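Structural description and commentary
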Amino acid sequence: MFTPPPHSRKKLVALVSVASALPASHLHAQDFALRVADGDRALVEPFVTGGEALGNLKGGFYFGADARITYDSNFFLDDDYTESELEGSIAPWVTYRSDPEGSARYSFEARYSPIFRAYWNNSDLNGVDHTGNFAFKFQGSRTTVTLFADYSEVSSADRISGTFVQGSILNYGIKGSYQLAPRTSLQAAWTASMSDYDTGGRSGADVYTTQISGLWDATERIRIGPALRHTLSESDNTGERDAIAALVKLRYQWGERLFFDASAGVEFAKNSRLPGGRDAGPAGGLEAQYVLNERWTWKSSVHYATVPSPINANYIVDDLSFFTSVVRHFDRSSIEAGVGISFTDYEAVGTVTTAREDDQFFHAYLAYRRKFLNDRCGFDTAIRYSTNDGQKDWSQWQISTGLTFEY
């Protein structure tokens, strides 16, 4: 089994934490419409947790700021009349943590950040987006319960909406686990996700997810068990969708080197605007990370999401996305390259007047990150290319450079 020496392991964790804390997500045409489906991932165990995920901060208050400049070659995702844009943003933030070691019976974490945005060609879009989240955790001898909430105001291109959008999304819920026996645990979660658009002509959605699963430690590396999930989606565009999924979950961990979390099964869904019973479809997802050594890390994921369409009446969006990336770590920096592809199907759930084409979306990026001044400051820059084929055919280049500071 791969077990690096203590000093190497600390160094490795720090580098992986930097890569996780500073993804190239600022370059992604954010899938805002798909984020209401994140509730079904509440029971996915993160590979970097606790203090590692927050940069190994100790308890108390911490402050910082992020500054970024982004060039976008196709700001509104048009297929014929593209418009470039230069965006600048400054985001001061404050974080509070009560339990840096993760061993307290009760703990609390919270973060708030206003994001001040300014645009060179579209000054009417200038403004402030507010983001914040908190988590309250109880940790007993056998029971762990977490209450959480996350609120984000977003100004970005959204490929599902097909243009630049402004809106907000609120996620909240409760999740917990109970150690039923030395090798058996039960897990349960209830989450709510609500999206809202400030941009006219688009409809938000409310998604409520309830799930329960049991995991059995077959070996010291493998955990497996069944899961049941109920999802209720509501939207003015599509009405109500009620879905029940039966899944098998598998988790595999090989020391500090290989992490694998997957689920697969079938979902039975009924839409309020369609007659008849429930229709069967696929359900599941995958998260994987492989630490080859101190220098190289490979990450991959498969996500399947079903959400109401924000722009097409009586259509739901079935999105299957594949993503993979590799990170090369240096002493104080890292280089990451990644590619992803999404197959987006539009399914009619009522009377439609015009047929909607399906989409195929591809993106690739290259990012460089570096920490300095005793890890208090960070620099990152990235370039990303995206293309979409389907109802709208468009391509886009984005180049972004940013600085972060914390104290």
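No experiment lies behind these values; they were computed from the predicted model shown. (Residues numbered from 1 in each chain as written. Predicted model: local features only at pLDDT ≥ 70, side-chain atom pairs only at ≥ 80, totals over all residues. Heavy atoms only, no water.)

For the protein, the helix and strand inventory stands at two helices and 18 strands. Counting across all 407 residues of the protein, residues that qualify as buried make up 43%. Carbon and sulfur atoms make up 59% of the accessible area of the protein, which amounts to about 19,400 Å² in all. (Helix = DSSP H or I, 4+ residues; strand = E, 2+ residues; numbered from the N terminus. Buried < 20%, exposed > 50% of the residue type's maximum accessible area, 1.4 Å probe, protein only. Areas by Shrake-Rupley, 256 points an atom, 1.4 Å probe, with all protein chains shown as cover.)

Counting 16 residues, the largest nonpolar core has Phe32, Val36, Ile160, Tyr197, Val307, Val317 and Tyr346 as the members making the most contacts within it. Among the secondary structure elements, those contributing two or more residues to this core are strand E6 (163–181), strand E13 (296–308) and strand E14 (315–329). Sequence-distant contacts of valine 36, defined by excluding residues within four places in its chain, comprise Ile169, Ser193, Met194, Ser195, Ala205, Val207 and Val307. Phe75, Phe76, Tyr119 and Phe164 belong to the second largest nonpolar core, which has five residues in total. (Core = buried A, V, L, I, M, F, W, Y, C linked by side-chain atoms within 4.5 Å. Contact = heavy atoms within 4.5 Å.)

In this section: the side chain of serine 155. Position of serine 155 among the secondary structure elements: in strand E5 (residues 143–158). Here aspartate 129 takes part through its side chain, which lies 2.9 Å from a polar atom of the side chain of serine 155. A distance of 3.3 Å separates the side chain of serine 155 from the side chain of glutamine 166, its partner in a polar contact. Excluding anything up to four places from it in sequence, serine 155 contacts Arg117, Tyr119, Asp129, Phe164, Val165 and Gln166. (Polar contact = N/O pair within 3.5 Å; in protein donor to acceptor, adjacent residues only side chain to side chain.)

With that settled, consider the packing of aromatic side chains. Per the stated rule, a full pass over the model turns up 19 aromatic pairs. Residues phenylalanine 61 and tyrosine 96 carry aromatic rings whose centres are separated by 4.8 Å and whose planes lie at 45° to one another, so their mutual orientation is tilted. Separated by 35 residues along the polypeptide, phenylalanine 61 in strand E1 (residues 60–72) and tyrosine 96 in strand E2 (residues 85–97) bring together distant segments of the chain. Look at phenylalanine 61 and you get exposed, because its relative accessible area is 55%. Put simply, the rings of Phe61, Tyr96, Phe108 and Phe134 touch in pairs and so form one group of aromatic residues. The cationic tip of arginine 111 hangs over the ring face of tryptophan 93; the distance from NZ or CZ to the ring centre is 4.4 Å. (Phe/Tyr/Trp six-rings, centres within 6.5 Å; stacked < 30°, edge-to-face > 60°. Lys NZ or Arg CZ within 6 Å of the ring centre and 35° of its normal.)

Before going further, it helps to spend a moment on the layout of surface pockets. In this structure, the second largest pocket occupies an estimated 160 Å³ of space. In this structure, the second largest pocket is lined by 13 residues; those nearest its centre are Arg241, Ala269, Asp279, Gly281 and Glu347. If you tally residues by element for the lining of the second largest pocket, the top one is strand E12 (residues 279–291), at four residues. Partitioned by chemical class, the residues of the lining of the second largest pocket number five nonpolar, three polar and five charged. (1 Å grid on protein atoms, 1.4 Å probe; cavity = no way out; pocket = protein on both sides within 12 Å on 5 of 7 lines; lining within 4 Å. Points joined across faces, edges and corners; volume = space filled by probe spheres on them. Nonpolar A, V, L, I, M, F, W, Y, C, P; charged D, E, K, R; others polar.)

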